[in-house]
Amino acid sequence: MDGRTRDFVASDKMHAPFGLVPAGARSSFGLRGSVLSRALWVCVIATLAGWLTSRDAEAQIVTYVWTGSAGNGLWTSGSNWNTSPTINANANLQFAGSLFTSATNTLSSGTARSITFNGLASPFTLTGSSLTLAAAAGITNNSTNVQTLSLAGIGLVQASTQINATSGDLLINSPLTGSGGITVSGNGGANRVTLTGSSTYSGASTVQNGAVLQLQNSFALGGTSSGVTVSSGGALELANGI
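Residues numbered from 1 in each chain as written. Predicted model: local features only at pLDDT ≥ 70, side-chain atom pairs only at ≥ 80, totals over all residues. Heavy atoms only, no water.

Asker: When you look at the pattern of salt bridges in this model, what are you seeing that I'm missing?
Answerer: Side chains that differ in charge, positive against negative, can pair when their charged atoms come close. For the structure shown, the criterion picks out 1 salt bridge. Arg192 is the salt-bridge partner of Glu237, the closest N and O atoms lying 2.9 Å from each other. With a gap of 45 residues between them, Glu237 in strand β19 (residues 235–238) and Arg192 in strand β15 (residues 192–195) connect regions that are remote in the sequence. Its relative accessible area of 24% is what places Glu237 among the partly exposed residues. (Salt bridge = Lys/Arg side-chain N within 4 Å of Asp/Glu carboxyl O. Helix = DSSP H or I, 4+ residues; strand = E, 2+ residues; numbered from the N terminus. Buried < 20%, exposed > 50% of the residue type's maximum accessible area, 1.4 Å probe, protein only.)

Here is the structure:
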C-alpha cells in the first residue's frame, strides 16, 4: 500500500464481498444491493421467528401422570396427578398405577393433547365429560391390560389421530366426533381396538401395522365418505350382527 487513504463506494464492477471501488466510480449495485440485503434480513428474521415460535410451543407441552392419591377418581383433583395439572391442548395425560382406576373427567376445558396408559397401568376405565384430542398422538395403550374409554365423546381434530394398541387391547365406548380421522395401529394382530359408539367424525379411517379393528356399531366409523383403508396385515372385524 502507498499509505494514501482512498474512499470506496459500492459497485457491481468488482467481485469483492461488497464491491468496493474508488470514490466517483459509477455503481449500478448500490440500490439493488440495498434491496437484496433488506430482503435477506427479512428472510432471516422470519425464519428465526418461526423457530422461536416452534420452540416455545414445544416448551409448553406438559405431561401429567395419574397417581390417584386424592382418594377419589376426579381429574380435577390436583393430587390425583404427579403435579397439579393445567389440562389443555398442550397436556399429555398418562394413566399409571392401580389407585382409583375408574377415573372421571370433570374438566371444563374439554381438551388434552393425548392419552397414554403406561406400561404398568392396571385396567382403567375413563368416564365423564367429552374430551377433544388436540394432537395426532391420540390414544396409546402401553400396558398389557385392556383399557376402556367411556367418555361422553372423544373429539378428533387431526387428519390422522393415532389409536395404538401397542401392548394391550383398547375398548372405546365413546363416540368419536369432529373433522379429524383415525389411524389404528397394533402389534401384529396380537391386540385389538374395539369401537362400540355411534360416531360422527368425518375424516378417513386407516388400519395398519397388523392392527385388528373390531366394530360393534354400524356407525362406529362415522361418516365413511372420506374412506376406510385396511393395510396389508391389518384386519377389520364386524360384531354384534353388523
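Asker: So what exactly am I meant to see when it comes to the packing of aromatic side chains here?
Answerer: Two aromatic rings, taken as a pair, are described by how far apart their centres are and by the angle between their planes. Applying the stated criterion to the full structure yields 8 aromatic pairs. Consider the rings of Phe117 and Phe124, whose centres lie 6.3 Å apart with planes at 45 degrees: the pair is tilted. Classification of Phe117 as buried rests on a relative accessible area of 0%. Among the residues examined, Phe124 registers a relative accessible area of 1% and is labelled buried. (Phe/Tyr/Trp six-rings, centres within 6.5 Å; stacked < 30°, edge-to-face > 60°.)

Asker: Any chance you could explain the sheet that holds β19 here in plain terms?
Answerer: Sheets are built from strands that pair by backbone hydrogen bonding, the pairs being arranged parallel or antiparallel. The strand order across the open sheet built from 7 strands is β5-β7-β9-β12-β15-β17-β19, with neighbouring strands paired in parallel fashion. Where the open sheet ends on each side, the last strands, each with one partner, are β5 (102–105) and β19. Within this sheet the neighbouring strands show an average axis-to-axis angle of 15 degrees, counted without direction. In the sheet, β15 pairs with strand β17 (residues 212–215) via 4 bridges, with the strands oriented parallel. Across the sheet, residue Leu195 finds its bridge partner in β17, namely Leu215. (Pairing = 2+ DSSP bridges. Axes fitted to C-alpha atoms, helices over the stretch in contact; angles between N-to-C directions.)

Asker: In this structure, what is going on with the environment of Arg192? I would like to understand it.
Answerer: For Arg192, a relative accessible area of 27% translates into the label partly exposed. In this structure the C-alpha to C-alpha distance between Arg192 and Gln214, which are 22 residues apart in sequence, comes to 7.1 Å. Setting aside its immediate chain neighbours within four residues, Arg192 contacts Ala165, Asp169, Leu170, Val212, Gln214 and Glu237. Among the polar contacts listed, one links the side chain of Arg192 to the side chain of Glu237, at a separation of 2.9 Å. (Contact = heavy atoms within 4.5 Å. Polar contact = N/O pair within 3.5 Å; in protein donor to acceptor, adjacent residues only side chain to side chain.)

Asker: Sorry, what's going on with unusual backbone geometry here?
Answerer: In most cases, non-glycine residues show a negative phi, while peptide bonds are predominantly trans. Positioned with a positive phi, Phe100 is a non-glycine residue whose angle comes to about 45 degrees. Within the secondary structure, Phe100 is located in the loop between β4 (91–95) and β5. Positive phi outside glycine occurs at Asn209, with the angle close to 55 degrees. The topology assignment puts Asn209 in the loop between β16 (205–208) and β17.

Asker: Whenever I open this one, the pairing of β16 confuses me. Can you help?
Answerer: The two faces of a sheet get side chains in turn, since along a regular strand they alternate between them. Of the strand pairs in this sheet, strand β14 (residues 182–185) and β16 are connected by 4 bridges, and their pairing is parallel. By the bridge assignment for β16, Val184 is matched with Val207.

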